[in-house]
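Structural description and commentary
What follows is each chain in one-letter form.
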Amino acid sequence: MKYVLPAVTVLMAGAGLAVWIFADNLLLGLGLAAMALVLWSVAPSVLGRLGKDNSADGTDPARVKEYRVQHPGATVADGIRATRK
């Protein structure tokens, strides 16, 4: 579910390119590409955020990897937050 926004962004940009090339409508193509760019800029990060300090100090990579194996779909940032407590 967390990959829906990035997929929509890529599809919208691709649709803008396709409209420009196949329908020969530059204005509509640029409009779709601009909407994709705005959506990309306001969408939350797929990778996640570490927290207030954005620091991964004191994090054991092996523990993060084990956490991600046990929790499929978890981001690296999720693993860092869960294992540094």
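Residues numbered from 1 in each chain as written. Predicted model: local features only at pLDDT ≥ 70, side-chain atom pairs only at ≥ 80, totals over all residues. Heavy atoms only, no water.

1. Structural notes on helix α1 (residues 4-22)
As a reminder, the rule being used: Segments assigned H or I by DSSP are reported as helices when at least four residues long, segments assigned E as strands when at least two residues long, and all are numbered from the N terminus. Here a helix's expected span is defined as the number of its residues, less one, multiplied by 1.5 Å. For every residue, the accessible area obtained with a 1.4 Å probe (protein chains only) is divided by the maximum for its type, and the residue is called buried under 20%, exposed over 50%, and partly exposed between those limits. The arc in question is formed by the directions pointing from the helix axis toward the C-beta atoms. Any pair of residues with heavy atoms lying within 4.5 Å of one another is described as a contacting pair.
Taking 1.5 Å of rise per residue, the 19 residues of α1 would be expected to cover 27 Å, and the 26 Å separating its terminal C-alpha atoms lies within 8% of that figure. Taken together, the buried positions of α1 are occupied by T9, M12, G16 and V19. Taken end-on, α1 shows its buried residues confined to a sector of 95 degrees, consistent with a single buried face. Of the exposed residues in α1, those oriented more than 90 degrees away from the buried face are V10, L11, I21 and F22. Buried-residue contacts for α1 involve α2 (26-42). Backbone geometry just downstream of α1 places D24 in the positive-phi region, at approximately 55 degrees.

2. A look at the environment of A13
Mapped onto the secondary structure, A13 falls in helix α1. In this structure A13 comes out as partly exposed when scored by relative accessible area, which is 35%.

3. Observations regarding the pattern of salt bridges
What counts, and what does not: Every case where a carboxyl oxygen of Asp or Glu lies within 4 Å of a side-chain nitrogen of Lys or Arg is listed as a salt bridge.
The full count for this structure, using the stated rule, is 1 salt bridge. Here R81 ties to D78 by a salt bridge, and the two come within 2.4 Å at their closest N and O atoms. Within this pair, R81 and its partner D78 are both found in helix α4 (residues 76-83), separated by 3 residues, close to a single helical turn. Taking the relative accessible area as the measure of exposure, D78 reaches 25% and is therefore partly exposed.

Don't take any of this as a statement about function, it's just geometry.
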